[in-house]
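Architecture and fold: a report
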Amino acid sequence: MDKPSQTARIRFDGCDIACRPGQSVLEALEQAGHRVPSGCRSGACQACLLHADDSEATTAAQAGLSPAQRLTGLFLSCQCRPAANEQLHVRRPADSPRHVARVLGQTWLGASVYRLRLHCDIDYLPGQYITLFRDDCTARSFSIASLPGPDRQIDLHVRHRRDGAVSDWAARLKPDSQLWLQGPMGRCVYASPADQPLLLLALGTGLGAMTAILHHALSRGHRAPIHLLAATRRAVDAYGLDLRDQLPKGHPVTIRHMALQGQRPGMEQQDLYDAVRAGYPDLAGWAVHLCGSERMVATLRRHAFVAGAAMRDIHADIFHSGTAGREVRNSA
Ligand code: FES
C-alpha cells in the first residue's frame, strides 16, 4: 500500500486529487473521473496538453513543445509524473490550440488505407502531422500527405482498423462534418538544397508523409536523384503502387515498393532494411527521411549515419503505439 506521505497532490477543477508514485498526471485525473483529452500517451500527439504553474515535474514534461508553449506553462500530462509529496496546480489551457476542420471526403487507396481529405485554415509543411479529435478524450495523429495550397486542403493517409477509435469513426464521417484538429507538428520536412540526393524511406502509411515530401521537392525544382522506398509487412496492405504515374515526367525519381509477405505486381518481396543496406552502402552527402515505427526508424537511422549521412541530414517521423495499439506520430 502506498504511504500517504509519498502521494503527490494535484489541484484541478476545484478538486484535490491524489497522484500515486509513478502515476502520470493524466492517469491520476482520469482515475478521479475527469475527462482529459489523450491520444498516444507517449508524448507525441500533444492531445493531453494542460497548463500548470512552474514545477520540476511539469518542466520535465515539456519535451517537443514550442518555446511559446513552454513559456505559457503548457505541459504533456501523460509525460508528467510528480515526485513524492509534490503539489501541482493544474488547469485546462485557456486558449485551445485546436482548429475546426471540415470533411471533404474519403477515398480508398488500398484494401485497408483511405485518404481523408479535410478543409482547414492552417499553414503547414508537407511531412508534418496533425492530431484529430474524435471527442474531448480521444485523439490520434496522422501525417499530412498533401501540399499546402490556396484551397486549404489537408490530405491524411489513414490505416483503417475496424476497432480503431478514430480511424473507423473518421472513415464514416459525412462530407461537411466538422471535427477538431491540433497542429501541425513535426520537423520531418523537405529542407535540402536542390542538388542534394534524397532517400525517402516509408513504412506503412508513412508513405503519406514521404509522398508529400517528394512532391514538395519536385515543386521546388529539386535536381538531384530522389529515391523512395515504401514497405509494408504484407503485400495486401500496400497502396500507392501507381505513385509514379502521378509524378511529372523528367525528374530523376526511383520508386520501389516492397513487402515481407505475399506478392503483387510492381512489388518486391524484400525487407526494407536489407534493401537499404544492400542498395545504399554510401550515403555521404545524402538527406535521409524516415517515417515508420520506432524500431524501423532507429535501425535505419543508425545505418544512414554509419553509411556517411550527416546527423543534420537525417529526419525522422516515428509512429508510437498508443493506448490500444494505435499508431501516432512524432518527429525526431
Ligand atoms: S502527448 Fe500525451 S496523449 Fe499524446
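Here, every reference points to the structure presented above.
This report concerns the structure included in the present document. All chains use their own residue numbering, which begins from 1 and follows the written sequence. Since the coordinates come from a predicted model, pLDDT governs what is reported: local features require at least 70, and pairs of side-chain atoms require 80 or more to be given and counted, while whole-chain, interface and lining totals use all residues.

**Regarding the sheet that holds strand E3 (residues 49-52)**
Each pair of strands is called paired provided DSSP finds at least two bridges between the two strands. Helix and strand assignments come from DSSP, with helices taken as H or I runs of at least 4 residues and strands as E runs of at least 2, each series counted from the N terminus. The strand order E2-E1-E5-E3-E4 describes an open sheet built from 5 strands, whose pairing is mixed. Two strands lie at the open edges of the sheet, namely strand E2 (15-19) and strand E4 (74-76), each paired on one side alone. Here the average twist between neighbouring strands, direction ignored, is 40°. Pairing analysis gives 3 bridges linking E3 to E4, with the strands arranged antiparallel. If you follow leucine 49 over to E4, its bridge partner there is leucine 76. Every axis corresponds to a line fitted to the C-alpha atoms, with the helix fit spanning only the stretch in contact, and the corresponding angles, defined between N-to-C directions, vary from 0 to 180 degrees.

**Quick look at helix H7 (residues 294-306)**
To estimate how far a helix should extend, the number of its residues minus one is multiplied by 1.5 Å. Its 13 residues place the ends of H7 18 Å apart at the C-alpha level, agreeing with the 18 Å of an ideal helix rising 1.5 Å per residue. At the exit of H7 stands glycine 308, carrying a positive phi of roughly 110°.

**Remarks on the packing of helix H6 (residues 272-279) against H7**
With their axes 11 Å apart at the nearest point, H6 and H7 run at an angle of 5° to one another. For the element pair H6 / H7, the angle class is roughly parallel. Across the interface between the two elements, Leu272, Tyr273, Val276 and Arg277 of H6 pack against Met296, Thr299, Leu300 and His303 of H7. Of the residues contributing to the contact of H6 with H7, the split by class is 5 nonpolar, 2 polar and 1 charged. Oblique is the label for any angle not covered by the other classes, which are roughly parallel (under 35 degrees), roughly antiparallel (over 145) and roughly perpendicular (65 to 115). Residues are scored as being in contact if the C-beta atoms we place from backbone atoms lie within 7 Å. Each residue is assigned to one of three groups, with Ala, Val, Leu, Ile, Met, Phe, Trp, Tyr, Cys and Pro labelled nonpolar, Asp, Glu, Lys and Arg labelled charged, and all others, Gly among them, labelled polar.

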